[in-house]
Structure formats: structure tokens, C-alpha cells
Amino acid sequence: MQMNANYTSLVAVGDSFTEGMSDLLPDGSYRGWADLLAGRMAAEAPGFRYANLAVRGKLIGQIVDEQVDVAAAMQPDVITLVGGLNDTLRPKCDMDRVRGLLDEAVERLAPACKQLVLMRSPGRNGPVMHRFRPRMEELFAHIDGLADRHGAVVVDLYGADVLGDQRLWDVDRLHPTPEGHRRVAEAVWQALGYAPEDDWRTPLPAAVPPRWAARRVADARFAKQHLLPWIGRRLTGRSSGDGRPPKRPELLPYEGSTERP
């Protein structure tokens, strides 16, 4: 990793986390940490180019099949790869297969860029996520080993207590809020060697916990709007990303704003 970096291109690879859900813009599109990061990098490098190949719902096998070779062919300065977490959240998950596919992805991407960025994804606090933590930590340990072998940077979001704060997670309980995405962008920015803008690990101000009744109402809304549709897709073999193209499929000059309207 170089300090005072001045990279000229970025390709983001992954699933809904990298696509930018739930950082919703007025036109109905999603922004997210990768777009925010690209905007800041573009301000440092005239002619900066950016592609975002991430699509919601993708498993690591789909990421390898659909995104990895495309990203490698672009030969950008920086590639970010975040994948495998969707696999760990499935009731049946072959961790040997997940590790093997991550190996394949990193072996293809690392030689194709100046700097590969991997992540230990953030984990929201709560009983449901607690059930899957052993798989997640197994995944992250493997990512650490891959980074050591291939010279990749690992952004440790999982180890940041603040990103477990429920206030940084959307009502679907799977994706960060706009403030959560902003903190992730700052974390990757610093990991790439740029000067810090702030401390993304700073805890949120203390708040009064919601009352029992309010929590039950929120749980019911979550189950109806998000959990039951998710279960339905699992039972029918469908994904929220089926048939959906990447939002930025080509490595083109970045045009956009880092400011929310």
C-alpha cells in the first residue's frame, strides 16, 4: 500500500453491499460507499474512471462467474472485492466451496490491478446475526490469509464496534444507512493511503433505547416487508438480483456528486 495515493481508476466487485443498498437517492437509484469513494478519488485525479459491477443478491460463485473476469480485463488501479457473506447467511453453506471460490477470485484479480482491496464486512448486533458469526469469522480468517499471500489490503469493518450499532443499519437489517455507507467509504479511503477526513470508528452519541412496544412494531414491519419476501425467494430459488445489470458496467470517467441532495 502506498501512502498519499493518487489512483486513477477503480472497479468495485460484489453484491448489494457494494451496489449501495440502502443509500437511496431521490431518483430511486442507490449510491453507497463505492460511489462515495469514487467521487473522492476522482477529486484527487483528473480523468478518474470508475465501474461498479456489483449486483444485489449475488453469491460468491456468481460473482466469480459474472464479475471477476470483467473486472480483471479492465486493468484498473484499484479493485475492491466484497463477497461470500450472502453464502454464509444461507441455511446450507459449503464453506470449503466458498473458500475455494474466493481463492479463485483473488488469484485472478490481484495481478490485474495495482491494489486489491478485500473486506471483513461489518456485522450488525442482534440475535439473528449472532447465529451466523462463526461462519462469518471463518470467512474473514480466510480473507486475511489471502491478503497476506497476494498483497491485498484488508479493511476491517467487522472489528469496528460502531458498525455494529443498529442505528447504522437500515430497516431491512442487512444494509447500512447512508451514514453507515459514508463511514465505510472513509475506511476504504484511509486503507488506500489517503489522508483521513475523520475517524470513521467514532461511536454514535448515546441514545435512549426504544421501548418494548416500539421494538415489537419494528420487528413486525421487518418480518412483513423484508424477512418473509427473503424466505420466499430462498424457497423458490430466486434472487433479488436476477436479471438485474450492474449499475456502472463500464470503466468510464466518473461523473457524480458526493453530496446528498
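Here, every reference points to the structure presented above.
Treat the numbers as computed from the prediction; the structure is a model and nothing was measured.

Undergrad: Looking at this model, I keep getting lost on the overall build of the protein. Mind explaining?
TA: Helix and strand counts for the protein come out as eight helices and six strands. Taken from the N to the C terminus, the helices and strands of the protein come in the order β-α-α-β-α-β-α-α-β-α-β-α-α-β. Across the 261 residues in the protein, those meeting the buried criterion constitute 51%. With an accessible surface of roughly 12,800 Å², the protein has 54% of that area assigned to carbon and sulfur atoms.

Undergrad: Got a minute to help me understand unusual backbone geometry in this structure?
TA: In terms of backbone geometry, most residues other than glycine have negative phi values and most peptide bonds are trans. Along the chain, M21 connects to S22 via a cis peptide bond; the corresponding omega equals 10°. Checked against the element boundaries, S22 lands in the loop between α1 (16-19) and α2 (33-44). Positive phi, normally seen in glycine, also occurs at Q75, with a value near 50°.

Undergrad: How should I be thinking about the nonpolar core in this particular structure?
TA: Within the largest apolar cluster, 37 residues are counted, with the highest numbers of intra-cluster contacts made by W33 and M41. Mapped onto this core, the elements with two or more residues apiece are β1 (9-14), α2, β3 (78-82), β4 (115-120), β5 (153-156) and α7 (178-191). With seven residues, α2 is the largest single contributor of residues to this core. If near-sequence neighbours (up to four positions away) are discounted, M41 is found in contact with Y7, L10, F48, V78, W189, L192 and Y194. Listed in part, the 36 residues of the second largest apolar core include I79, L109, C113 and M136.

Undergrad: Where do I start with the sheet that holds β4 in this structure?
TA: Where strands meet in a sheet, backbone hydrogen bonds hold them as pairs that are either parallel or antiparallel. Pairing is mixed in the open sheet, where six strands are placed in the order β5-β4-β3-β1-β2-β6. The open sheet has two edge strands with one neighbour each: β5 and β6 (248-253). The sheet shows a mean angle of 15° between the axes of neighbouring strands, direction not considered. As paired strands, β3 and β4 are joined by four bridges and run parallel to one another. The partner of L81 across the bridge, within β4, is L118. On the sheet, α7 packs against β4 and β5 and is oriented at approximately 145° with respect to β5.

Criteria and thresholds
- Every chain begins its residue count from 1, and numbering advances along the sequence as written.
- A pLDDT threshold of at least 70 governs which residues receive local features in this predicted model, and a stricter bar of 80 or more applies before side-chain atom pairs are shown or counted, although totals over entire chains, interfaces and linings include all residues.
- Only hydrogens and water are set aside when side-chain values are computed; all heavy atoms of the structure are taken into account.
- Helix and strand assignments follow DSSP, with helices taken as H or I runs no shorter than four residues and strands as E runs no shorter than two, numbered in order from the N terminus.
- Type-normalised accessible area, obtained with a 1.4 Å probe on protein chains alone, sets the label of each residue: buried when under 20%, exposed when over 50%, and partly exposed for intermediate values.
- Per-residue and other accessible areas follow the Shrake-Rupley method at a 1.4 Å probe size, with only the shown protein chains counted as cover for residues.
- We call a set of buried Ala, Val, Leu, Ile, Met, Phe, Trp, Tyr and Cys residues a nonpolar core when their side-chain atoms join them within 4.5 Å.
- Whether two residues are in contact is decided by their heavy atoms, any of which lying within 4.5 Å being enough.
- When DSSP finds two or more bridges between two strands, those strands count as paired.
- Only the stretch in contact is used when fitting a helix axis, every axis being a line fitted to C-alpha atoms; angles between N-to-C directions are given from 0 to 180 degrees.

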